[in-house]
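Observations on chain architecture
For reference, the chains in residue letters:
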Amino acid sequence: MTETARAEEMARLLEGADPDVGDKVRIGVCSGAGCRALGGQAVLAALTAAAEARGLGETVKVFGVGCPGSCQQGPVVIVDPPAYFYQKVASSDAADILEAAVAGKVVERLLFKDQVTGEAYQTVPEVPFFKHQERVVLRHSGAINPESIEDYISVGGFQALVKAVTSLTGPEIIEEISRSGLRGRGGAGYAVGEKWRRCREAPGDIKHLICNRSSLEGLDFQILEGLIIAAFAVGATSGVVYLRQQNQKTVTQMRAAVKKAYEFGLLGQGILSSNFNLDLEIYESDSAFVAGEETAMIAAIEGERAVPRVRPPYPTEEGLWGRPTLISNAETFANVPAIIGQGADWFRSLGTLESPGTKVFSLTGKVRNGGQVELELGTSIETLIYEIGGGIPGDRAFKALHVGGPSGGSVPAAALDMPLDYESIEAVGAIVGTSDLAVLDECTCMVETVSSFINLMADESCGKCAPCRIGTKRMAEMVDDIINGRAELGLLAELEALAKVVKTTSLCGLGRTAPNPILTTLKHFRSEYEDHITAKKCSAATCSALVKAPCSHTCPAGVDAPSYIALVAQGRYDEAIAIHRERNPFPSICGRVCHHPCEARCKRGQLDEPIAIALIKRFMSDKAAPIHPEFPRDPSNQHRQVAVVGAGPAGLACAYYLALVGYSVTVFESLPVAGGMMKVGIPDFRLPTEILEKEIEAIIDAGAKIETGKALGRDFTIDGLFEAGHQAVFLGTGAHAGNQMGLDRETDLDGVIDGAAFLRAVNLGEPLRAGRRTVVVGGGNVAIDAARAALRQGAEQVKVVYRRTEKEMPAYEWDIREAREENIVLDFLVSPVGLVEQDGRLTGIKCQRMVLGARDDQGRRRPEPVAGSDFVEEADMVIAAIGQSPDLDYLPEDSELRGRWGRLGVSSETLMGDRAGVFGGGDAVSGPASVVEAVRHGQLAAAEIEKYLTGASLIDLQLAAAEHRRIEPIPEEEFQAAGIVRRSPPEADPQARQGDFREVVLALAENDAREEAARCLRCDLDED
Amino acid sequence: MKTKTETFEITLNGSSVSARGGETIMEVADQAGVIIPRLCHDPRLKPSGACRLCIVEVEGDAAPVPACATVARAGMTVETDTDEIRELRRALIDLFLSDHNSDCLTCSSCGSCSLQEYAYEYGVRETSLAGRAQHRVIDQDPDPFIARDMSKCILCGRCVRICDEVEAAFAIGWQGKGFDTGVGTPFGASLKKTPCEFCGQCVSTCPTGALTDALSVGKARDWETTKTLTTCGYCGVGCALELHAKNGEIVRVTAPTGVNNNNGNLCVKGRYGYTFINHAERLTTPLIKKDGRFVEASWDEALTLVADKLGAIKEDHGPGALAALASAKCTNEENYVFQKFARVGLGTNNVDHCARLCHSSTVAGLAIAFGSGAMTNSIKDLEEADTILVIGSNTTEAHPIIGLGLIQAVREKGAKLIVIDPRGIKLTKFADIWLAQQPGSDVAVLNGLMHVILEEGLADEAFIAARTEDFEALKKVLPEYSPEKVEAISGIPAEDLREAARLFGRAVRGTIIYSMGITQHTTGVDNVLSVANLAMMTGNIGRAGTGVNPLRGQNNVQGSCDMGSLPDVYPGYQKVDNAAAREKMSRAWGAELPVEPGLTIVEIMNAAAKGDIKGMYVMGENPMLSDPDVGHVEEALENLDFLVVQDIFLTETASMADVVLPGATFAERDGTFTSTERRVQRIAKAIEPLGQARDDWKIITALSTAMGYPMKYSSAEEIMTEIASVAPSYGGISYERIAREGGLQWPCPDADHPGTAILHKDAFARGLGRFHGVEYRPPAEEPDVEFPLVLTTGRVLQQYHTGTMTRRSEGIDEISCVGCAEISPRDAKDLGISKGDTIRLITRRGEIEATAKVTRRSRPGIVFMPFHYKEAPANKLTNPALDPIAKIPEFKVCALRVERA
C-alpha cells in the first residue's frame, strides 16, 4: 500500500520533471559565488553560444551547476562523462572545451596541476582537492543545476520525503535520525534526534520550524527536502527560512525554490496527497551578526531587536511567538534526505563514533586550494591542508589552523594530526558550527590576528549583556595595546583573567566564545605575545606600530635596510654603507652568505617578488669603501680595555663597536687567521677570502687590535685577562666541534671526518683530498658546503644523504639548487647505521631507509626506520655534517659560565655571565647560527659592556637616534618601479665552476642594482 | 502565565527552602532572605539576564546561571555566594565601573545607586581598567523631569524595558551595538518629541545616576529625606507613593514596588506634579476682601466674619438660601465634617460637589439596575478578563495606571480588547476592534451590540433567568437596533459592530470599563443602564474578570460621595428623604436635620443666579472652570451676597470670594481617600501645612463651633471612627486595619469583614439585576449648518481637573499642549488651519481661542478640547443641558464652529 503510494507520488513528481539528461554530454559551469566573481557567468554564456553556433543542442547540454567548492580554481567547468575537471577557464576556452567534449577528449591545458610536482589530474574524483573529501551534503554540487527542481528530482531528490510522508510516522523518522547520530551542524552539536523529539513532545497546538539559511548556496531543494521531513516529523505546520539580506543571490534562489516546491505540492496544504500541511516563509534579515544566535534570530523574526534571550526555556519548548520551535541550520537539514534515504547505519559508517557523518567547512587562509570542502568527521588537519588544500603557498611554514572564525580557536603546528570532529574542535575552544578553517603560516602574526577577531566581536556584540559588551571591548583594547607596543607583561595575566570572565558569564554564545581566540593563542602562542611586549618584536613583521619595515624588523641585527636601499637607488653608496655598518660591519660578507630573512617578509613580495636585498647589499659593499658610521666617542674610553676572545663575527662586531666609541679592544684568536666560521666554515666559492679580509681590515682600521694564534685555556686565562688590565671580557668562541653520528669507528677510521673539520681544513688550505666517492651525511648548510667543497677537492661523485625529506632540509634552497646544478646527488629519508671497512679502509656507509612518523613539538615529523631496508652506499670518504657544538674545554668543569646543552651560559638580556664582567655571544651561546645573529650578539654585548663599565651606552644612543632617520623616496615622476621585475644575479657556469673555488654567484651591474633598489615600496615611510 | 501552585524544596546555600513552580531562583532566594545582587532586574519586568551580576552556581551546570531568569526546579542545589561567584561578580563590577562616570560626589543617586552599593559590598574600590574608553553621551536636549546623564548608564536596559513592557510608550530604545550600544530616542530627538509620557518609570527603575528626577537635582539625596508612604492626590486610581521631604519641602516623589495597585509605577502627575505643594502662590493666611481687594486677616477675624455673614443670611433668608460645595479632592474625614456642617451648622441639604459633573449618572443608573453605583470589580481584577470592553474612557490618560494594566492584559495575557471611542486614543492601538462612534450615540451602539448577541444566541440565558428581571423590557427595544441601523446613527460599520458583539458575547470573563464618555451626556443614565444591560445579558457580573467598572475621576470622588457630600444622601448613601435614616443621623449628630433633599450644583448655580441662594461656602472646588457654561456660573457667583472659598490657591472661584481660607494639601495632613475601586486608603502627613494654612476639617470644625454647633475632633482618625459608626458600608474600617491590610474595599460592614473586592457576587445589591429597555435619544445639540462640528471635551494626561495643582507644578505645562484643541487633518485642511494656528471655537454659549493641534486622534467632524486651561476655558462652550435624572450636564457633545483667529 505505502509502496504503491510512494511510487505514485514519485511518478507524479517526475511527471512534472524534465531532467533533460539523456545521452548528452553535460558541460557544467560552476554558478557559485566564487566562480561568478571570477567570471564564471561569461564562461557559461560563451559555452552556450558556442554550442548553439555549432548546432550541438542534441549532443551537449551546457548549464550552470552548484558550487563544487574549489573556489580558488575558478571559474570551474566539469564535463561529464567522465567528469573532466577544468579550472581557471576563460571564455576563450569555450571552443576547445566543446570540441574536446564532443570528441570525448580532454583539454590538457585546463586540467588542475599540482603546483609542486606538476602532475595533472583529469577527473573530479582524481583531483586531490576532491579525492580526500567525502560528499554527503554536497553530493550533487557540481553535478546538477541548483535552480532546477527537475534536476534535483532526476538525481533522486525528494525520494526521502516521499518515503517519509507516505510510509513513516513522525516518531519513526525521529528514531531514524536519532540512530544516525546526526548532530547539529550549526552550533555546538546538539543531538538532532533529541531536539526533534523534544519539539514533537512539547505541548502546543501550533509548532514552528526555523531554518537558518546562512550557508550552502545552491542546495535549496535538498535543504527544503530535509526541512519538510523535519516539519513532518515534529509536527510543525509553519516554517521560516531565515536568510541574511546581504546575499541576494541566495535569497532569490531560495525564494524561487520555495515557489517551485509549492507548485509541486511539496509545500502548502496536503503535501504529497497526505494531510500534512506546511507553510514556509522567507525572512530576509538585515540584522547583525548576533542574529545567528537562535534566540536572537527568533527575536529578529518577531520584529524585535535581534538580541539573545535567556535560555531556558529553549526554543523547542518556547520559541517563535512563544510556541515550540525547531530551529536548525541549513546543513543539518541538508543531511536529512540522505539519512532517511540511505538509512542511519550507512550514515553512522561515516565519521567517528561520537561524530558520525561529514561536515562542510570553508577552507581559507594560506593554502593553495581553498574553498568549500566536505570532510568526513575525523579527517586530520594534515589531510585537510596538505592533501585537499595542496599545502601552503611558497612552502612557508605552517603555523596554526584557526578553527571557527572570530570566535574560534587556534591549534598549533604540533596538532597537524588532530582529527576534525566535534570533540577535538570543542577542545580547541571552537565549535563545529562556525565551519571556518583558516590556515595561518609564519607570515601571520597571531596577536594581530587575534586583534582583528576580538575587535570584530566587540563590534558585533549586541550590547545586551555587560561582560560581552564591555569585556570584549576591553580585551580588544588590551590586545591593541600589545600590538602597538604599549603593554607591559602583566597585561597578559589580566587579559587571560578577563577572557575567562567573559567566557563564563556572558549571556549567549557570542560572548561565551569571543574570548576563544585569545585563550587558545595565549595557550599555544604565548611567547609571541611576550615578544611583542618585551622585545617589541613581531615575528611575522605585520604589526605596523612595532615594525618600521618588515626587512629591518626581521633582520636579526636590525639593519636599517629600507634606508640603505633607498640610498643605493639614488647612487649614494657611501652613505648606504655607513648606515649598514651602523648595525652590521659585514655588508660584503652578508651580501653573500646571509640567509636574508629580511626578504621573506618584504611587502613587495606580496605584490610580486621581494626586493633582492642581499644582492643590493653585496653590490653597494663591493662598490664603496667600508666607511665607518659616526658614533659618539668618549676620549676617556681609551683607558678602558676590553678583551674579546674569538675573531668570528660576534667577537669582531663586539670589538668594532667598542672601538668606534673609543675603547681599547684586543681580539684574541686561536686560529692563525681571523674571521672564525666566516673564514673556516664557509668555502671561498661562496665567500672569497679577499672580501672577508677587506672587512676585517676595516675593523682593525676602526681601532681594534687582533692577535691571532692565541688560544684561551692554552695561552691565557680569563683571570689572566683581568689581571692584565682588561676590565671586561667577551667570549665569542663559536661552535666548531662537529657532532658525531654515533657509529662504530667513526672517530678513528680513516676517511671519516666531520663537516666542520673538513671545511676548516679546506679553508685553511691544508692538504686534504676528498674521496673519490664521498658521502655527506646531513641536510644543513655545512653538509651542502662540504659536499660542494669535496667536489672541488677532487671527488668524482658526491652524494648527500638526509634522514628527512627535502622539505625539511635546513640548508638554503639556493645552495641546494646550486649543489644539484653541480651534479651532487641528494638522497632523502636515509640514515646511516654503520661504516663499512675493508682492510682498515673505509669502503662504504651502511644506511637504512626512513619514513616520516609522529610529530614532534614543532610539528615536524620524526623519521623512523623502515625495517629491513638496509643498504650500503659505496664511499671512500664520509663527511658527517650533522651539526656542531661549542668547544668549551677552555673552561673549568665547574665554571659558572657553562650553560645548558654545552653552551656558554649568559643572560639573554645583557649577555653577561654569572661572572661579573664576562660576556658571551655568537654560536658559543646560541649554538650554530648565522653570521647576522652573531653580529647582533656582538653589538648587544658591546653596548652592555659599555653600560657595565660606564653605566650608559653610546652605541645605544646612536642607534636610538638612527631610528628617526628618514630617507626621502625618489619622486614618482622620476622613476616608475611598478613594472620592474626582481633582478637575478649572474652565476658562474655550473660546469666551469666545479673545478675551482671561485665565487659562484656574481654581482649585479650598477644599473640593475639601482633599479632593484628602486623597486622598494618604502613601507618604512608609512604613517600609522 | 505559569501556574505557581506546586510547592517543592530546593537547597539554597546548604539550607532547604521552599519554592513554588514557576518561581525563579532569585524569587525563591528573596523570600528566603538570601539577597543576590542584581542590576538589570526589576520585579515589574520580565527577566532579561543582561547584567549577569546575579549569577549563581547550580549543581550539575557547567557554567553559572542568572538567578533572575532561571526557574527553580525541585531538588536543585544552588550556591549564591561562593568565592568563585564573588570573584566573577567583582570582575563584572570592575567592568561596569570601567564604563561608568563615577561621579559619586555630585551624583543625585549617591546613596541610592545599586552600582555604588555593590562596589562597596564587593570591595571594588576603583576599576582596574581605568583610562579605557567610556561611552559618554551628552543629553543635548534636557526636559523638565528626566535628567539624563548617559555617562553613568550601565546599559542594564531597565528603562527601555519599562518604557516598553510596562508603559507601552516606546519612547526610548536601543541604539547601536557592541560597546557603542546606547539608550536613546529615535534620531536622538528630545523626549518631548517622542511618545514619552514622562511617567518617570525609567527613572524609578534606573539603578544608577544615569536617569534621575530633574526636579530633585541638587535638592536632597536619599539619606537626607524623611519618607512618608501615602496615597496620590490626583486621580481616582489611588496609587501608593512616597513623599520625600527635607526641611518642610517635598523634594521628590517615588513609589514603592509591591505596594498597592501601582506597584511602583506612577504617571507624570503623581511622580512630578508635586511642586504645587511648596508653591509660592500657596494661600498661607486667611484673606478678606475689602474694597474689592484681598487683605490678610487673622483666623479669628476671618472665621468670625464668615460665621456672622452666613449666620445672618440663614437668619434673614432661611437655611435654603445657603449652599455648600464640598470637594472630591478632600479626604473622607473632611467631606464628612463638611456635609455634617452644611446639614447641621448651616441647616441645609444644599450640599453637592463636582461628582455631580462626572459620575452622578453612574450613581443613579447603577443604583437602579444593580442597587449600588460603584465600580463592581477591582483594579487588579480587570486584568483577569479575557475580553475587555472600554467605552468612553481614555483610560491611559485619565486613569494612567489602570491603563497600564489593560495594556498589560492585552500584551502579556492575551486578553481581547474592544475600544468604543470617537477618538483615536492610545488604547485603540492595542485594541482588537476599535469602534469609533459619533459622540452621543452610545445607547444605539450598545443596543446594537446586544441586538447581535441576542440574535446570534450569545446571551447568557441561565444568568438572565437566575439573576435578573425585566429582560422582556430590553428585548422589546432591541429588534430596532440592527447593525445597519446603528451604522446609520453611529457611523460604525455594521460588520465591525457584529465582530465586536461576537467577541464580547463569547467572552468567558468579559469586563466593561467606562468613564465620562458614558456619563456626561443628557442620556448619561440611559448610557449607564445600557452598559448594565450588556453586562447582565452576557452574564458578566459578580465574577473575577467581569463587571461594570466606571472609573472615577478625582482622587476622592468616590469617598466624597460615600461621605454624603450630595444633596440627597447622608454618609453611606442613606437617603435624606428616608425618615428612618434621617432619624438615625439626627440622633448620631444630636441635631435636627432638614427634610427636603437639597439642590444639585447646576441647580444651585441657577438658584444663585436667580437670587434664591445668597450665601455659598466652597471647599476646594473651582466651578469657574469645571462647570458647564461658566459664563452663567460667573453671573451666579457675582449675584451672591456672600461667598467663602476654602482652598490652597487663589483660584478663579476664590478670586470672587469675600473670604478666602487657606487649606492644606494632601501632603500636609492625615486622612483617607477612597479610590475608584472602593478602597479606603490612608494619606499621611509628610510636612507641616505652609504658613497659617490649616487642615480643612479643622477650619470647618472651628467655623461650626463659631456658628453655634460645636464640633471637636482631636484627629482625623477620630472622625473616621465616627464615620464607621454612622455609614454602614464603612462600619468595619479603621486606621489600624487600613495600615495592617493596606486599604479596605467597602462594603466592609464590621471589624471582621475582609472588605469586598467584587460586588453583586451571589445577588445584586438590590436583589435581582434589573434590565431596562432604553431607546436611543440624540444629544441635546447636534451639528447643523451654522455649527457643523461636534465639540467633545475631556482630560489630557499631564493636567488635572482645573489645573489648580498641575498648572502650578513646574514643568507640566512645558510638556503639555497648553490651550490646544485637537482637530482632524481633514477638517483642518478644509478650514485652512495648520498646526499651531490660533483658532476660534464658537458655540451657542460663547467663544474661546485655542491653538490648533492637527492630529489623527481626532476624526473628521470632531474637535476635542481639554477643559483644564483658563486661557482657553472649554466650559465656556459646553452645553449645560442636563440629564433628566442625574442632572449631569452634556460636556461630551455640543455643536461647534471653528474659525481661524
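Here the structure is shown first, and the text comes after it.
Below, the structure is looked at part by part. (Residues numbered from 1 in each chain as written. Chains lettered and ligands numbered in written order. Predicted model: local features only at pLDDT ≥ 70, side-chain atom pairs only at ≥ 80, totals over all residues. Heavy atoms only, no water.)

Per the secondary structure count, chain A includes 41 helices and 33 strands. A compact globule built from 1024 residues would reach a C-alpha radius of gyration of about 31 Å, and chain A, at 34 Å, matches this within 12%. Based on the C-alpha atoms only, the size of chain A along its principal axes is roughly 105 × 65 × 65 Å. Residues counted as buried form 58% of the 1024 residues belonging to chain A. Relative to all contacts within chain A whose residues are 6 or more apart in sequence, the contacts with residues 24 or more apart total 70%. Carbon together with sulfur atoms contributes 49% to the accessible area of chain A, which is approximately 39,300 Å² in total. Charge-centre separation for chain A: the mean point of 105 positive side chains lies 1 Å from the mean point of 143 negative side chains. (Helix = DSSP H or I, 4+ residues; strand = E, 2+ residues; numbered from the N terminus. Rg over C-alpha atoms; globule rule 2.2 N^0.38 Å. Buried < 20%, exposed > 50% of the residue type's maximum accessible area, 1.4 Å probe, protein only. Contact = heavy atoms within 4.5 Å. Areas by Shrake-Rupley, 256 points an atom, 1.4 Å probe, with all protein chains shown as cover. Lys, Arg positive; Asp, Glu negative; His and termini not counted. Charge placed at Lys NZ, Arg CZ, Asp CG, Glu CD.)

Turning our attention to the packing of helix 10 (residues 220–234) of chain A against helix 13 (residues 330–342) of chain A. Residue and element names in this part refer to chain A. As a packed pair, helix 10 and helix 13 sit with axes 7 Å apart at the nearest point and diverge in direction by 80 degrees. As the angle between them shows, helix 10 and helix 13 are arranged roughly perpendicular. Counted together, Gln222, Ile223, Glu225, Gly226, Leu227, Ile229 and Ala230 of helix 10 and Ala330, Phe333, Ala334, Val336, Pro337 and Ile340 of helix 13 form the full contact between these two elements. Considering only residue class, the contact of helix 10 with helix 13 consists of ten nonpolar, two polar and one charged. (Axes fitted to C-alpha atoms, helices over the stretch in contact; angles between N-to-C directions. Parallel < 35°, antiparallel > 145°, perpendicular 65-115°, else oblique. Nonpolar A, V, L, I, M, F, W, Y, C, P; charged D, E, K, R; others polar.)

Attention now goes to the pairing of strand 12 (residues 371–376) of chain A. All names here are of chain A. Burial within strand 12 is extensive, with five of its six residues counted as buried. Here strand 11 (residues 358–365) runs beside strand 12; their pairing, made up of six bridges, is antiparallel. Within strand 12, the residue paired with Val360 across the bridge is Glu374. Counting the residues that bridge the hairpin from strand 11 to strand 12 gives five residues. (Pairing = 2+ DSSP bridges.)

It is worth spelling out the pattern of salt bridges at this point. One pass over the full model with this rule turns up 127 salt bridges over all chains. As a salt-bridge pair, B:Arg587 and B:Glu583 come within 3.6 Å of each other at their nearest N and O atoms. Remark: B:Glu583 and B:Arg587 occur in helix 21 (residues 579–589); sequence separation between them is four residues, near one turn of the helix. Taking relative accessible area as the criterion, B:Arg587 reaches 60% and is therefore assigned exposed. A salt bridge links B:Arg840 to B:Glu899; its shortest N-O distance comes to 3.3 Å. Taken as a pair, B:Arg840 in strand 34 (residues 838–843) and B:Glu899 in strand 39 (residues 894–900) lie far apart in primary sequence, 59 residues in all. Here B:Arg840 falls in the partly exposed class, since its relative accessible area comes to 22%. Overall, the relative accessible area of 27% leaves B:Glu899 in the partly exposed class. A network of salt bridges, in which partner residues are shared, links A:Arg686, A:Asp785, A:Arg788, A:Arg792, A:Asp815, A:Glu818 and A:Glu822. (Salt bridge = Lys/Arg side-chain N within 4 Å of Asp/Glu carboxyl O.)

Membership of the largest hydrophobic core comes to 80 residues, with the highest contact counts inside it found for A:Tyr564 and A:Ile565. Per-element tally for this core: the top contributor is helix 30 (residues 649–660) of chain A, with ten residues. When neighbours within four sequence positions are excluded, A:Ile565 is seen to be in contact with A:Ile611, A:Ile613, A:Ile616, A:Ala1013 and A:Cys1016. Among the nonpolar cores identified, the runner-up in size contains 79 residues, and B:Leu406, B:Leu551, B:Ile687 and B:Ile815 belong to it. (Core = buried A, V, L, I, M, F, W, Y, C linked by side-chain atoms within 4.5 Å.)

Each disulfide consists of a covalent bond between the sulfur atoms of two cysteine residues. Residues and elements named next belong to chain B. Counted according to the given criterion, the structure contains one disulfide over all chains. Each disulfide pairs two cysteine sulfurs, and for Cys817 the partner residue is Cys820, the sulfurs being separated by 2.0 Å. The sign of the S-S torsion, about -65 degrees, decides the handedness of the disulfide formed by Cys817 and Cys820: left-handed. Classification of Cys817 as partly exposed rests on a relative accessible area of 32%. With no disulfide partner, Cys199 has as its closest neighbouring cysteine sulfur the one in Cys202, 6.1 Å distant. Among the residues examined, Cys199 registers a relative accessible area of 8% and is labelled buried. A disulfide-free cysteine, Cys748 has its sulfur positioned 19 Å from the sulfur of Cys561, the nearest such atom. Cys748 gets classed as buried once you look at its relative accessible area, which sits at 0%. (Disulfide = S-S within 2.5 Å.)

On to the sheet that holds strand 22 (residues 547–550) of chain B. Residues and elements named next belong to chain B. If you walk across this open sheet you meet the five strands as 19-18-17-21-22, and the pairing is parallel. Only two strands of the sheet have a single partner each, and these edge strands are strand 19 (433–435) and strand 22. Ignoring which end each strand starts from, the neighbouring axes of this sheet average 15 degrees apart. In this structure, strand 21 (residues 510–514) lies alongside strand 22, joined through four bridges in parallel fashion. Looking at the pairing, Tyr514 lines up with Pro550 of strand 22.

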